[in-house]
Structure formats: structure tokens, C-alpha cells
Amino acid sequence: MSLPHETAGADLLFLREEQLRLAQTLMFLASRDMAQAIEPVLEEDGLGHAHYRVLQVLAFSPGIPVSRLQAVLGVTKQSLGRTMHELEARQYLESQPGRQDRRQRLLFLSPEGKAAEARLFAVVRQRLVAAYREAGGAAVEGFRRVMRGMLSEQSRSVLNEDAAGKKGGRHGA
């Protein structure tokens with residue numbers, strides 16, 4: 001029979017340096033592998049990872065203002081401008097003036113943009129479904145809690161705004 005103080009620390013073994021390094025390595029490899037998995041679809045569509053990131057954000061946050069998109073992506077105005085120009089030339093984006101501030105541009109995926117994003121997400125979905133099935137519901141909920149715990153306040157606000165936007169309508173309302 002073990003003593004309570006002997007087993008108390010056993011629950012914290014996941015906080016050991018080697019476990020944290022393993023988590024860092026797993027996140028790096030998963031990110032790299034996901035990027036490699038979508039690469040054929042990006043190449044087929046003549047898109048890069050910057051285009052994909054914009055499509056992703058617009059898929060989960062339709063109607064986002066340009067300035068907010070720039071903040072979410074953490075890129076310069078110039079860099080975002082080039083990427084958006086290319087997506088607009090392909091007719092993947094649509095913009096509308098803001099309801100309260102007509103100077104504001106609210107961004108949406110066009111039907112073509114939605115189709116391109118859906119092709120990319122199909123690859124991601126396939127990998128997530130396989131991993132979720134293997135891990136089980138409790139592990140998936142734990143994964144979500146860990147990922148949320150790693151988010152900055154800015155990223156949490158994006159997640160919260162996305163949830164609020166889905167409940168209350170589009171951004172810029």
C-alpha cells in the first residue's frame with residue numbers, strides 16, 4: 001500500500017521536463033505533417049500557405065474586418081495586402097462595407113473561395129477524424145482543454161468572437 005504523499009506527485013509526472021519536450025516535439029511534428037498533407041491541394045490550386053491561412057480564418061470568421069484579419073494572422077499590412085490581392089484576383093474573396101462604418105471592409109469567402117477552403121479542410125478533417133477516433137472522446141476533450149490553455153488572450157478573443165458570431169450573426173453587425 002502506498003502512502004498518500006508518495007502517490008500525490010505521480011499525478012504530476014506529465015510536468016516533467018522530458019514530457020514537456022515530448023509535447024513540444026509532437027506539436028512541431030503534427031504541424032509539419034499537416035502542412036505536408038495539404039501541400040498537394042495547395043500546389044494543385046496554385047496557392048501558398050499564406051493563402052491557406054487567410055482562407056482558414058475567413059472560413060471560421062466570415063465578415064471579419066481587414067484590420068482584424070491582419071491582427072489574427074500576425075502579419076504586416078503589406079504582406080496581407082499581397083496575399084489578399086492574389087485571392088481577390090482568383091475571385092476567392094468578397095468584401096462588403098461595414099454596417100456601422102462604411103469605410104470598413106468586411107471579408108467573406110466567395111463560392112470559389114469556399115470550395116478551395118473545403119478541399120483543404122477535407123484533408124485536415126480526414127486526419128483529425130482518424131486521430132479523434134483513435135484517441136476517444138475523453139482524450140479529445142482533454143486535447144481541446146490543453147490547446148485552449150495554450151492560447152494567448154488575443155487568440156482566446158478570436159475564438160470567443162467566432163463563437164459569438166455564429167450565435168449572433170456576422171461580424172461588423
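Residues numbered from 1 in each chain as written. Predicted model: local features only at pLDDT ≥ 70, side-chain atom pairs only at ≥ 80, totals over all residues. Heavy atoms only, no water.

## Details of the pairing of strand β3 (residues 105-109)
Filter applied, for reference: Each residue is placed in one exposure class: buried if its accessible area under a 1.4 Å probe, protein chains only, is under 20% of its type's maximum, exposed if it is over 50%, and partly exposed if it falls in between. A helix here means a DSSP run of H or I that spans at least four residues, while a strand means a run of E at least two residues long, and both kinds are numbered starting from the N terminus. The criterion for strand pairing is that DSSP finds at least two bridges linking the strands in question.
Counting buried residues along β3, 4 of its 5 residues qualify, which places the element largely inside the surrounding structure. Of the strand pairs in this sheet, strand β1 (residues 64-65) and β3 are connected by 2 bridges, and their pairing is antiparallel. Its bridge partner being in β3, Pro65 is matched across the sheet by Leu106. Alignment of strand β2 (residues 93-97) against β3, held across 5 bridges, turns out to be antiparallel. Opposite Ser95, over in β3, you have Leu107 as the bridge partner.

## A few points about helix α2 (residues 17-45)
Stated formally: Take the number of residues in a helix, subtract one, and multiply by 1.5 Å to get its expected span. Values of bend correspond, residue by residue, to the angle between axes fitted over the seven residues ending at that residue and the seven starting there. Any two residues whose heavy atoms approach within 4.5 Å are treated as being in contact.
The end-to-end C-alpha separation of α2 is 42 Å, in line with the 42 Å expected for 29 residues at 1.5 Å each. Taken as a whole, α2 carries its principal kink of about 40° at Glu39; the proline Pro40 stands between one and four residues after it. If you check which residues of α2 are buried, you get Ala37, Ile38, Val41, Leu42 and Asp45. Of the surrounding secondary structure, the elements contacted by the buried residues of α2 are α3 (49-60) and α6 (111-135). One or two residues past the end of α2 sits Gly46, with phi positive at roughly 65°.

## Here's the deal with the environment of Gly81
Within the fold, Gly81 resides in helix α5 (residues 77-89). Assessed through its relative accessible area of 33%, Gly81 is described here as partly exposed. A sequence separation of 11 residues divides Gly81 from Gln70, and the C-alpha atoms of the two residues are 9.3 Å apart.

## Quick notes on helix α4 (residues 66-73)
Rules: Along the arc lie the directions from the helix axis toward the C-beta atoms.
Listing the buried residues of α4 in full gives Arg68, Leu69 and Leu73. End-on, the buried residues of α4 take up no more than an arc of 130°, which puts them together on one face.

## Points about the packing of aromatic side chains
Quick note on the threshold: For Phe, Tyr and Trp, rings pair up if their centres lie within 6.5 Å, where Trp contributes its six-membered ring, and each pair is then called stacked (planes under 30 degrees apart), edge-to-face (over 60) or tilted (otherwise).
All told, the structure shown has 1 aromatic pair when counted by the stated rule. Judged by centre distance (6.5 Å) and plane angle (65°), the rings of Tyr132 and Phe143 are edge-to-face. With a gap of 11 residues between them, Tyr132 in helix α6 and Phe143 in helix α7 (residues 137-150) connect regions that are remote in the sequence. In this structure Tyr132 comes out as partly exposed when scored by relative accessible area, which is 29%.

## Section: the nonpolar core
Which entries qualify depends on this criterion: To form a nonpolar core, buried Ala, Val, Leu, Ile, Met, Phe, Trp, Tyr and Cys residues must be joined to one another through side-chain atoms within 4.5 Å.
Among the nonpolar cores identified, the biggest contains 24 residues, and Ile38, Val54, Leu55, Leu58, Leu69, Leu87 and Leu120 are the most heavily contacted of them. Tallying contributions element by element places α3 first for this core, with 5 residues. Setting aside anything within four residues of it in sequence, one finds Ile38 in contact with His49, Tyr52, Leu120, Val123 and Val124.

## As for a nonpolar patch on the surface
Keep this limit in mind: Within this analysis, patches are made of residues with over 30% relative accessible area and no salt bridge. Like charges are joined at 9 Å or less; nonpolar side chains (Val, Leu, Ile, Met, Phe, Trp, Tyr) at 5 Å or less. Each accessible area value is a Shrake-Rupley result obtained with a 1.4 Å probe; residue values ignore everything except the protein chains displayed when judging cover. For this document, the term salt bridge refers to a Lys or Arg side-chain nitrogen within 4 Å of an Asp or Glu carboxyl oxygen.
Judged by side-chain polarity, Met27, Phe143, Val146, Met147 and Met150 come together as a nonpolar surface patch covering roughly 450 Å² of accessible area. Broken down by element, the nonpolar patch gets its largest block of residues, 4 residues, from α7. Mapped onto the elements, Met147 comes out in helix α7. A relative accessible area of 34% means that Met147 is categorised as partly exposed.

## A few points about the side chain of His51
Relative to the elements of secondary structure, His51 occurs in helix α3. Setting aside residues no more than four positions away along its own chain, His51 makes contact with Thr83, Glu86 and Leu87.

## Describing the sheet that holds β3
Ordered by their spatial adjacency, 3 strands build an open sheet running β1-β3-β2, and the pairing between neighbours is antiparallel. With partners counted over all chains shown, the strands left at the sheet margins are β1 and β2, one partner each.

## Some remarks on the confidence of the model for the protein chain
We count it as follows: The quantity called pLDDT is the predictor's confidence in a given residue, expressed from 0 to 100.
Looking at the protein chain, the pLDDT average stands at 88 and 88% of residues meet or exceed 70. Within the protein chain, the lowest mean pLDDT, 50, falls on helix α1 (residues 4-8), and the highest, 97, falls on α6. Below pLDDT 50 for its whole length, residues 1-6 participates in 1 contact with residues either more than four positions away or in separate chains.

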